[in-house]
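The primary structure of each chain is shown beneath.
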Amino acid sequence: MSAPANARARVRAQLTSEIAEVARRHLATSGAAALSLRAVARELGMASSAVYRYFPSRDDLLTALIVEAYDALGEAAEQAEAALPRDDLRGRWRAACRAIRDWALAHPHEYALVYGSPVPGYAAPEATIDPAARVGVVLAQVLADARAAGRLAPAPPAAAGADAALADGLAEALGLSCDDPDSSLAARAVLAWSSLFGAVSFELFGHTHNVVADHDAFFDHAVDQLATQVGLP
């Protein structure tokens, strides 16, 4: 790439980053539904037509913010889980879950963008699917490693066959499929994943106010309960 092309690429990357940063501030003050390219352009001192060269529509900007949020959350969980020894299965589970909560508390508006109320009129494109799956993949890998090591507790009889309720191919995508028709491992993973984010969302959005006095202790207890439910030693 020539020097002028390199310079243009750097300028474009910088402006794209600045637009996204201003948009994140607008999420905090106005919410995702009110996000406006024109308002972002005004704050940057740019013509709205210039911003449209970087993000052709509000939905394109929302998608970029959503992908960034999912990737940042996924990276936090991945790094925390990877720091633990591979045979410390429950420790890896705890580390990933705590990292998810820590990131959510540190980035409440970005968390609300991806796990809060849907934005009216916005339909997430396929580009958001892989970033959204990163956290689930981390948790599923812990379960897959536990099963491979023969250390996963069997599912209770009431859960037998629960995987059949999941979308076709999900268990395979998570690496949790097996030939046992009574398997519930993938279903247990989905239940734990939804329960985990339910706990984080309830805390972040104030639903546990005057209910939980020590959120750190309560969350750690919830994470351990989920680990037991999924069968981790």
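Model, not experiment: these values are computed from the prediction.

The rules we used
Residues numbered from 1 in each chain as written. Predicted model: local features only at pLDDT ≥ 70, side-chain atom pairs only at ≥ 80, totals over all residues. Heavy atoms only, no water. Helix = DSSP H or I, 4+ residues; strand = E, 2+ residues; numbered from the N terminus. Buried < 20%, exposed > 50% of the residue type's maximum accessible area, 1.4 Å probe, protein only. Contact = heavy atoms within 4.5 Å. Phe/Tyr/Trp six-rings, centres within 6.5 Å; stacked < 30°, edge-to-face > 60°. Axes fitted to C-alpha atoms, helices over the stretch in contact; angles between N-to-C directions. Parallel < 35°, antiparallel > 145°, perpendicular 65-115°, else oblique. Nonpolar A, V, L, I, M, F, W, Y, C, P; charged D, E, K, R; others polar. Core = buried A, V, L, I, M, F, W, Y, C linked by side-chain atoms within 4.5 Å. UniProt positions renumbered as here; feature names shortened; annotations may be inferred.

1. With respect to the environment of glycine 231
Mapped onto the fold, glycine 231 is located in the segment after α10 (215–230). A residue is classified by how much of its surface remains accessible, and glycine 231, at 2% relative accessible area, is buried. Separated by 76 residues in sequence, glycine 231 and alanine 155 place their C-alpha atoms 7.1 Å apart. The contacts of glycine 231, once residues within four sequence positions are left out, are Arg151, Leu152, Ala153 and Arg188.

2. Focus: the packing of aromatic side chains
In this description, an aromatic ring pair is defined by two values, namely the gap between the centres and the angle between the planes. Under the criterion given, the structure shown has six aromatic pairs. Ring plane angle 55° and centroid distance 6.2 Å describe the contact between tyrosine 111 and phenylalanine 205, whose orientation is recorded as tilted. Of this pair, tyrosine 111 sits in helix α6 (residues 108–115) while phenylalanine 205 sits in the loop between α9 (185–204) and α10, and the two are 94 residues apart along the sequence. Aromatic pair tryptophan 193 and phenylalanine 197: ring centres 6.3 Å apart, planes at 65°, arrangement edge-to-face. Of this pair, tryptophan 193 and phenylalanine 197 are both found in helix α9, four residues apart, which corresponds to roughly one turn of the helix. Connected via pairs of aromatic rings, a cluster forms that spans Tyr70, Tyr111, Tyr115, Trp193, Phe197 and Phe205.

3. Observations regarding the environment of glycine 136
With respect to the helices, strands and loops of the structure, glycine 136 is situated in helix α7 (residues 129–148). Taking the C-alpha atoms as reference, glycine 136 lies 9.8 Å from serine 194; in sequence the two are 58 residues apart.

4. Quick notes on the packing of helix α5 (residues 89–106) against α6
For the pair α5 and α6, the least separation of the axes is 5 Å and the interaxial angle reads 110°. The pairing of α5 with α6 is recorded here as roughly perpendicular in orientation. Two secondary-structure elements touch here, α5 through Trp103, Ala104, Leu105 and Ala106 and α6 through Pro108, Glu110 and Tyr111. Residue classes in the contact of α5 with α6 are distributed as six nonpolar, no polar and one charged.

5. So, the nonpolar core
Within the largest apolar cluster, 63 residues are counted, with the highest numbers of intra-cluster contacts made by Trp93, Leu143, Leu176 and Leu232. Beyond its immediate chain neighbours, meaning those up to four positions away, leucine 232 contacts Leu89, Arg90, Trp93, Val142, Leu143, Ala146, Leu152 and Ala227.

6. Focus: the UniProt feature "domain: HTH tetR-type" (unreviewed entry) in the chain
Within this numbering scheme, the UniProt entry marks residues 13–73 as carrying the feature "domain: HTH tetR-type" (unreviewed entry). Helix makes up 77% of residues 13–73 and strand makes up 0%, while its end C-alpha atoms are separated by 22 Å.

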